[in-house]
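# Topology and contacts: notes
Here are the chains, one letter per residue:
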Amino acid sequence: MSRFFLRRLLQSAVAIFGVVTLVFFIQRLAGDPTLLMLPDGATRDDIETLRHQLGFDRPLAVQYLDYLWDLLRLDLGQSLIQRIPVLDIMASRVPYTLYLASGGLVVALGVGVPVGIVMAVRRDTRLERFLAAFVLIGQSMPTFWSGILLILLFAVTLGVMPSSGVDGFRSIILPSIALGALTMATFARVTRTAVLEELGRDYVSTAQAKGLLFRRVIRRHILRNAATPIITISALEIANLLAGAVIVETVFAWPGLGQLAVQAIAARDFPIVQGIVLLGAFVSIALNLAADILYSAVDPRIRLEGKT
Amino acid sequence: MKRWSRSLGFAALAAAMAFSGAVTAKDLFVVDLVQEPASLDPHVQWNPDSYFVYRNIFDNMVTRDDEGKIVPQVATSWRQVDDSTVEFALRSDIKFHDGSALTAEDVVFSVKRITNPEFKSPQLGQFNSIVDAIATGPATVQLKTNGPYPVLLAQLVKLSIVPRAHVTQVGNDRFNQSPMGSGPYKFVSIQRGVKTTLARNDAYWGPKGVFTTVEFHAVPDPATRVANLRSGKADLIVTINPDLAAEIKADNRIKVLSVLSERVAYFHLNSLTGPTADLRVRQAIAHAIDKQGIIDGLMGGYDKPVATMMAPVHVGYVEGFKGYAYDPAKAKALLKEAGITPNTNFTLFTSPTFDQRIVQAIQQMLIEVGMKVSLTSSDFAGWLKRAQSSPAEFGEMTFSRWSCGCQDADGVLFPLFHSSSSWAKSRDAEMDKALEAGRSSLDLNVRLQHYKRVHEIAEATLPLVPLYQAAILYGARKELRWRPTPNESFFLNRMAWDG
């Protein structure tokens, strides 16, 4: 088991290194932020002076080695635009992204899973078709549209929610709905399939024959067995949520990493982009590892299967 | 089951406490910016989101009043000692927010700091005509320029005075995170990505602000900014487009504030290589563009067409130029004369930063007179690079807007027209001479004569087609009394409430 994990860790390290190198060079291929930082009318001399001071006139290989050396000492550098340590900037934004991703996941699971169960149990009824359409519409709405619609309805017209920003617990509700809607349909579909599969099993008829309330059957037996595919999808969908968070964060002025990434990329603030990519790589790998661990916790068969 | 829901409740409570909701007091003023200020050190970043905030924390050598005239601020008076030296007398009653006095030493320090290449200020180019700063007394400073420099005062409008002792003591990095100046508002705190908070400086030497506390929120989406204004979350929002302006006008609790700024939109043409090197082609392009049509049809009618690259707010603006009238028939004739066929390729390079409706409208107008114009787009940094590249790499044409932040012809015409500038895609020896003469005379009338010549040559040779003076639109609560200025200044202590 430990040799398996050691191999996974090594693979992860190589993957992270590859991603970081790729992003480093791709960014610099397009140029540097010097022109973006200067006012209109900066002369060639002004441009060259600033470029030299920022170190962008050095050969790419030198800049890369410099960056690697800093990375080894766990120094993510300073934002070129804000002149503040990248770590500080990212640390202040990460909690917000976590809140939003969690909120989105809660909405997606909270709506998607029950809908999926009902769709499985009430298969081939009008209710199922209506629910299918409902979650599909949720998934099809682009967040830059659904987001502003939610704001206009609940914040401007009804006045019951804040229209943007971070102002207490209520601020996370609308962004979570906008974000969660993106993956509701996926969770509903996966849950429906998994529950349908379980519904056909022998133990279900046994439990019902015993006189167990159907609701209890679902909760105690079916869901636990259906959990495996739902967990798999969760790990994948978290990645989608983090990606979708970019637009939601922009629309709702939610100060998460997504918004930061978009702005840093446009401004060519290389250290921040590199920092975010590094974090993203770590998170991606950690999530996959976590999913693996959760499997063995939820499904004893996987645990007992041991080293594969 | 009960235990589970209780821990959920605790988690929610913890989350709520972590958010620490904002207090909406009546004397809190909320401004929605596009992005958070990149830096509050006034000598670092040059972008509106930053200087909207830091111009209130710091005082500048001189400033512009609401009419656009340069008036005293830190400097009370000035006199030209000789062609390259100006002596400034400073106010003696200015105190930084920590109580220390602002003296000539601070002015000298500020000038030297921003002009030091090792400080890496992107604003360096605006001040590097100042070659020395000397404190000739506790309240007098002499600035030496690189030859006669008539734009000095216009540039000093943008020079903030920082406290020498404090900056030296805490270092640039700490000063950047916690700036301290002498202005009408003090820096209180910054919650990265969320808001920047300022508090009124009750000991300010000049006109005090009306608001006790001011928060600047970063709201990247313009529709959300308008929603914030409508829901009462924001009192003033910046950068709205004409469509959103119409939405604001429909709500009688809020209003649109607009000003014709010093930003001028233009259509830059390649006069050196390619099919646009033929003057007749450039003339045809000028006749093909319906400026008023674009302004009325796409931009809500706020902007104003211009015949030269200057507007009345610029020093160097000269009346009497007519420009090229909208005449598609004449455009077609000129193109035929120049031998342009439907197979001649024209490339219009652009970037999403520019209003694509305008770019596409211009493209369409050119297509209608028989030009084959294709659009190519890149990110803004890519656009900047191409705009300043060699004529061959530039292509044929591009749409852009120009502002020097100085309201002076030298900051606009010199970089666009002088052959030494990487922006210029034209070459005219007489134009060069007129531009050089315009920037080396301290006599306003002499300068205007030279710039008149520049406008004449520009109208005759069409290095670019001047389009319109851009209007800047803001949204505000109906009760706000504020007059936005052409140089997009943002002085909180010039805002007040009605009644």
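Residues numbered from 1 in each chain as written. Chains lettered and ligands numbered in written order. Predicted model: local features only at pLDDT ≥ 70, side-chain atom pairs only at ≥ 80, totals over all residues.

### Thoughts on the overall build of chain B
Applied cut-off: What counts as a helix is a DSSP run of H or I of at least four residues, what counts as a strand is a run of E of at least two, and both are numbered from the N terminus. We compute the radius of gyration over the C-alpha atoms and compare it with the globule rule, which gives 2.2 Å times the number of residues raised to the power 0.38. Neighbour counting defines burial: a residue surrounded by 20 or more other C-beta atoms within 10 Å of its own C-beta is buried, one with 12 or fewer is exposed, and intermediate counts give partly exposed, using backbone-placed C-beta atoms. Contact between two residues is assigned when their C-beta atoms, built from the backbone, lie within 7 Å.
Of the regular secondary structure elements, chain B holds 17 helices and 19 strands. For 499 residues, the compact-globule estimate of 2.2 N^0.38 gives 23 Å, and the C-alpha radius of gyration of chain B, at 25 Å, lies within 12% of that figure. By principal-axis analysis of the C-alpha atoms, chain B measures approximately 80 × 75 × 45 Å. Within chain B, the proportion of its 499 residues that are buried is 49%. Residue pairs in contact within chain B that sit at least 24 positions apart in sequence constitute 69% of those at least 6 positions apart.

### Brief notes about the overall build of chain A
From N to C terminus, chain A includes 13 helices and 0 strands. The order of α-helices and β-strands along chain A, N terminus first, is α-α-α-α-α-α-α-α-α-α-α-α-α. The principal-axis extent of the C-alpha atoms belonging to chain A is close to 85 × 60 × 30 Å. Each of the 308 residues in chain A was classed as buried or not, and the buried ones make up 38%.

### Notes on the interface of chain A and chain B
Filter applied, for reference: Classification convention: Asp, Glu, Lys, Arg as charged; Ala, Val, Leu, Ile, Met, Phe, Trp, Tyr, Cys, Pro as nonpolar; all other residues, Gly among them, as polar.
With 51 residues of chain A at the interface, the matching set in chain B holds 52 residues. Counting residues per element, the ones that place at least two in the side of chain A that touches chain B are helix H2 (34-37), helix H3 (44-54), helix H5 (86-121), helix H7 (143-157), helix H10 (214-251) and helix H11 (257-267) of chain A. Of the residues forming the side of chain A that touches chain B, the biggest block, 6 residues, is contributed by H3(A). The residue inventory of the side of chain A that touches chain B, partitioned by class, reads 28 nonpolar, 16 polar and 7 charged.

### Looking at helix H17 (residues 444-461) of chain B
Residues and elements named next belong to chain B. The condition that has to hold: One less than the residue count of a helix, multiplied by 1.5 Å, gives the span that helix is expected to have. Think of the arc as the fan of directions from the helix axis to the C-beta atoms.
Between its first and last C-alpha, H17 extends 25 Å over 18 residues, near the 26 Å set by a 1.5 Å rise per residue. Looking at H17, one finds that the buried residues are Arg 447, His 450, Tyr 451, Val 454, His 455 and Ala 458. The arc enclosing the buried residues of H17, seen along the axis, measures out at 150°, which places them on a common side. Those residues of H17 that are exposed and angled more than 90 degrees off the buried face are Asn 445 and Ala 460. Against helix H15 (409-417) and helix H16 (429-440) lie the buried residues of H17. Phi for Leu 462, located one or two positions after H17, is positive at around 45°.

### Considering the packing of H5(A) against helix H8 (residues 173-199) of chain A
Residues and elements named next belong to chain A. Put simply, the rule reads: With axes taken as lines fitted to C-alpha atoms, and helix axes fitted only over the stretch in contact, angles between N-to-C directions fall between 0 and 180 degrees. The handedness criterion is simple: a crossing whose near helix is rotated anticlockwise from the far helix by less than a right angle is left-handed, and one whose near helix is rotated clockwise is right-handed.
The geometry of H5 relative to H8 is characterised by a closest axis approach of 5 Å and an angle of 35° between their N-to-C directions. For H5 against H8, the interelement crossing comes out right-handed. Residues of the contact of H5 with H8, tallied by class, amount to 21 nonpolar, 8 polar and 2 charged.

### A few points about the pairing of strand E12 (residues 254-269) of chain B
Residue and element names in this part refer to chain B. In plain terms, the rule: Between any two strands, at least two bridges found by DSSP are needed for them to pair.
Across 12 bridges, the pairing between E12 and strand E17 (residues 464-477) is antiparallel. Looking across to E17, one finds that Ser 258 is bridged to Leu 473. Pairing of E12 with strand E16 (residues 397-402), which is carried by 6 bridges, proceeds in the antiparallel orientation. Considered in E16, the bridge of Phe 267 is made with Phe 399.

### Here's the deal with helix H9 (residues 202-210) of chain A
The element H9(A) is barely covered by neighbouring structure, given that only 0 of its 9 residues are classed as buried. At the exit of H9(A) stands Gly211(A), carrying a positive phi of roughly 100°.

### Quick notes on the sheet that holds strand E5 (residues 85-90) of chain B
Residue and element names in this part refer to chain B. Read across the sheet, 4 strands follow the order E4-E5-E7-E6 without closing on themselves; strand pairing throughout is antiparallel. Looking at which strands have only one partner, the edges of the open sheet turn out to be strand E4 (75-82) and strand E6 (130-137). Looking at each pair of strands side by side, their axes are set apart by 20° on average, direction ignored. Where E4 and E5 come together, 6 bridges link them in antiparallel fashion. Across the sheet, Asp 82 pairs through a bridge with Thr 85, a residue of E5. Relative to E6, helix H3 (residues 104-114) is tilted by about 170°, and along the sheet it contacts E5, E6 and strand E7 (140-145).

### Points about unusual backbone geometry
Phi at Ala253(A) takes a positive value of approximately 55°, unusual for a residue other than glycine. For Ala253(A), the location among the structural elements is in the loop between H10 and H11. Ala253(A) gets classed as buried once you count the C-beta atoms within 10 Å, which come to 27. Of note, Lys120(B) is a non-glycine position whose phi angle comes to about 60°, a positive value. Position of Lys120(B) among the secondary structure elements: in the loop between H3 and helix H4 (124-127). Its 18 C-beta neighbours within 10 Å are what place Lys120(B) among the partly exposed residues.

### Things to note about the packing of H8(A) against H10(A)
Residue and element names in this part refer to chain A. Here is the rule we go by: The labels follow the angle: roughly parallel below 35 degrees, roughly antiparallel above 145, roughly perpendicular from 65 to 115, and oblique for the rest.
Following both chains from N to C, one finds H8 and H10 inclined at 155°, their axes separated by 9 Å at the closest point. The pairing of H8 with H10 is recorded here as roughly antiparallel in orientation. Of the two possible hands of crossing, H8 and H10 adopt the one that is right-handed. Only Ile 222, Asn 225, Ala 226, Pro 229, Ile 230, Ile 233, Glu 237, Asn 240, Leu 241, Gly 244, Ala 245 and Val 248 of H10 make contact with H8, whose side of the interface consists of Pro 175, Ala 178, Leu 179, Leu 182, Thr 183, Thr 186, Phe 187, Val 190, Thr 191, Ala 194, Val 195 and Glu 198. Tallied by class, residues from the contact of H8 with H10 come to 16 nonpolar, 6 polar and 2 charged.

### Section: the nonpolar core
The criterion, for reference: When buried Ala, Val, Leu, Ile, Met, Phe, Trp, Tyr and Cys residues are joined through C-beta atoms within 7 Å, the set is termed a nonpolar core.
Grouped together as the largest cluster of nonpolar side chains are 210 residues, with contacts concentrated most on Phe267(B), Leu413(B) and Val465(B). Examining the composition of this core, we find that 17 residues originate from one element, H5(A), more than from any other. Beyond its immediate stretch of four places on either side in the chain, Val465(B) contacts Tyr266(B), Phe267(B), Leu269(B), Ile285(B), Ala286(B) and Ile289(B).

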